[in-house]
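# Analysis of the macromolecular model
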Amino acid sequence: MEIDKDLIIIGAGSAGLTAAQYGARANLKIMLIEEMAPGGQALIIDELENYPGFPEPISGYEFSERMHKQAVNFGVETKTATAKKIEKKDGYFAIETSKGAFTTYAVILSTGAKHSELGIPGEKELSGKGVSYCATCDGPFFRNKKMVVVGGGDAACDEAIFLANLADKIVVVHRRDQFRAQKSLADRVLKNRNIEVRFNTVIKEITGDNKVQRAVLGKTDTGETYEEECAAVFIFIGSIPQTDLVPDLEKDEAGYIVTNQRMETATPGLYAAGDVRSTPFRQLVVAAGEGAIAAHSASQYIDELKGQAYG
Ligand code: NAP
């Protein structure tokens, strides 16, 4: 039987795009499946300033376009489709997608992670009406208005700094008494005159008449609850790995896929890379590195399957 592709990569974020490029340069016939535009979470970064080799900040959108173009230049086929099922057969995988079924010798899963929700009253109802999970996308709608940012990690700090360029009243609400974010980012938030940080504070409810008008905040130390008038609430409280395609693979306690350092899962020929993988530091550059390793491992595996292994 003829196998359609040497390698199918699912998810075109930093990990998937890098894996595709490395795989194509290793002469593999590759299909890169993505349901949205290529780029993944990089697409929503306003100014990417920590990717090596870019001393001037670059927009996440342009960065994503460049990565995709580089992969396509090396012969990668991109398919805009939703992957629905991965099935391991004897010596190959069958992948079902919204645009047809394909066979492949190996699969790299680089499906990333999706933002978490608070689950408080008003969050769902006012989503898109002032409740947002993307400052770059929605911040400009609330220029010069008061905005609340929820969370204490890198994302919350990064996005609060972005929003502080649009308005001088950004209130960051974090449930603990210090930030989890990298110190450099946390310090920039604490020193920013347009940002007021409220530690030991949680958000209990978001209210408003068909648009966000208030956030109900609660102090964890005193128990006091009060209303904060605001035009928007931006929520950055971490993310959920996209692992629906592989329910049986081993995960860590937070649900991320466990691999070895070659990005191999317990299923031969199936690899995971980037934000979907259990990793200590989720960064574009880390995801790119993991994508490169996964492609290298997959390439060796495919060579062995085809009886073309070196040495
Ligand atoms: P994160 O590091 O997991 O931080 C999530 C934050 O949200 C934590 O401060 C957490 O509080 C808080 N939180 C979680 N659940 C909450 C809830 N139900 N109510 C209130 N607060 C809640 O997630 P992230 O900031 O999205 O970052 C994810 C990954 O992307 C990280 O590895 C990060 O380094 C990376 N990233 C990097 C950059 C950059 O380098 N510029 C930018 C964005 C993201 P606790 O502190 O109490 O746990």
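These remarks concern the structure in this document. (Residues numbered from 1 in each chain as written. Predicted model: local features only at pLDDT ≥ 70, side-chain atom pairs only at ≥ 80, totals over all residues. Heavy atoms only, no water.)

### Looking at the overall build of the protein chain
This is how it is decided: Helix numbering and strand numbering both begin at the N terminus, where a helix is a DSSP run of H or I of at least 4 residues and a strand a DSSP run of E of at least 2. In this treatment the radius of gyration is a C-alpha quantity, and the globule benchmark scales as 2.2 Å times the residue count to the 0.38 power. Partly exposed describes any residue whose relative accessible area lies between the buried limit of under 20% and the exposed limit of over 50%, with all areas from a 1.4 Å probe on protein chains only and scaled to the type maximum. Here, two residues are considered to be in contact whenever any of their heavy atoms come within 4.5 Å of each other. Only the protein chains shown count as cover for residues, and the accessible areas themselves come from Shrake-Rupley with a 1.4 Å probe. Positive charges are assigned to Lys and Arg, negative charges to Asp and Glu, while His and the chain termini are left out of the count. By convention, the charge on Lys lies at NZ, on Arg at CZ, on Asp at CG and on Glu at CD.
When its secondary structure is counted, the protein chain shows six helices and 17 strands. Its C-alpha atoms give the protein chain a radius of gyration of 21 Å, near enough to 19 Å, the size a compact globule of 311 residues would have. Taken over the C-alpha atoms alone, the protein chain extends approximately 70 × 40 × 30 Å along its principal axes. For the protein chain, buried positions account for 48% of its 311 residues. Sequence separation of 24 or more characterises 58% of the internal contacts of the protein chain that already satisfy a separation of 6 or more. About 15800 Å² of surface is accessible on the protein chain, with carbon and sulfur atoms providing 47% of the total. Distance between charge centres in the protein chain, computed from 35 positive and 43 negative side chains, equals 2 Å.

### Overview of the side chain of Ser297
With respect to the helices and strands, the residue Ser297 is situated in helix H6 (residues 284-305). Residues within four places of Ser297 in sequence aside, it is in contact with Arg262 and Tyr271.

### Quick notes on the nonpolar core
Keep this limit in mind: As used in this record, nonpolar core signifies buried Ala, Val, Leu, Ile, Met, Phe, Trp, Tyr and Cys residues forming a set joined through side-chain atoms within 4.5 Å.
Formed by 32 residues in total, the largest nonpolar core has its most connected members in Leu7, Ile9, Ile30, Phe63 and Ile108. Of all the secondary structure elements, the ones that give two or more residues to this core are strand E1 (5-10), helix H1 (14-25), strand E2 (30-34), helix H2 (60-73), strand E6 (100-109) and H6. Ranked by residue count, the leading element in this core is H6, at eight residues. Membership of the second largest hydrophobic core comes to 25 residues, among which are Ala156, Ala160, Ile170 and Val172.

### What about the state of the cysteines?
Definition in use: Disulfides are defined as pairs of cysteine sulfur atoms found within 2.5 Å of each other.
One pass over the structure, following the stated rule, counts one disulfide. Disulfide pairing is shown between Cys134 and Cys137; the S-S distance is 2.0 Å. Judged by the torsion about the S-S bond (75°), the Cys134/Cys137 disulfide is right-handed. The exposure class assigned to Cys134 is buried, which follows from its relative accessible area of 8%. A relative accessible area of 42% means that Cys137 is categorised as partly exposed. The closest cysteine sulfur to the non-disulfide-bonded Cys157 is located on Cys134, 17 Å from its own sulfur.

### Thoughts on the environment of Ile8
Among the secondary structure elements, Ile8 is positioned in strand E1. Sequence-wise, Ile8 and Ile30 are 22 residues apart; in three dimensions their C-alpha atoms are separated by 5.8 Å. When near neighbours in sequence (up to four residues on either side) are disregarded, Ile8 contacts Met31, Ile33, Ile95, Phe102, Thr103, Thr104, Ala106, Val107 and Ile108.

### A closer look at the sheet that holds strand E9 (residues 147-150)
Backbone hydrogen bonds are what pair the strands of a sheet, in a parallel or an antiparallel way. The following threshold applies: Two strands pair under a simple rule: DSSP has to find at least two bridges between them. Axes here mean lines fitted to C-alpha atoms, for a helix over just the part in contact, with angles spanning 0 to 180 degrees between N-to-C directions.
In spatial order, the strands read E8-E15-E9-E10-E11; together these five strands make up an open sheet with parallel pairing. Both outer strands of the open sheet, strand E8 (131-132) and strand E11 (195-198), are each paired with one neighbouring strand and no more. For E8 and strand E15 (residues 232-235), the ladder comprises two bridges, and the chain directions are parallel. Bridge pairing in E15 links Ser132 to Phe234. Packing of helix H4 (residues 154-163) onto the sheet brings it into contact with E9, strand E10 (170-173), E11 and E15, and relative to E9 it is tilted by some 165°.

No statement about biological role is implied by the geometric values presented.
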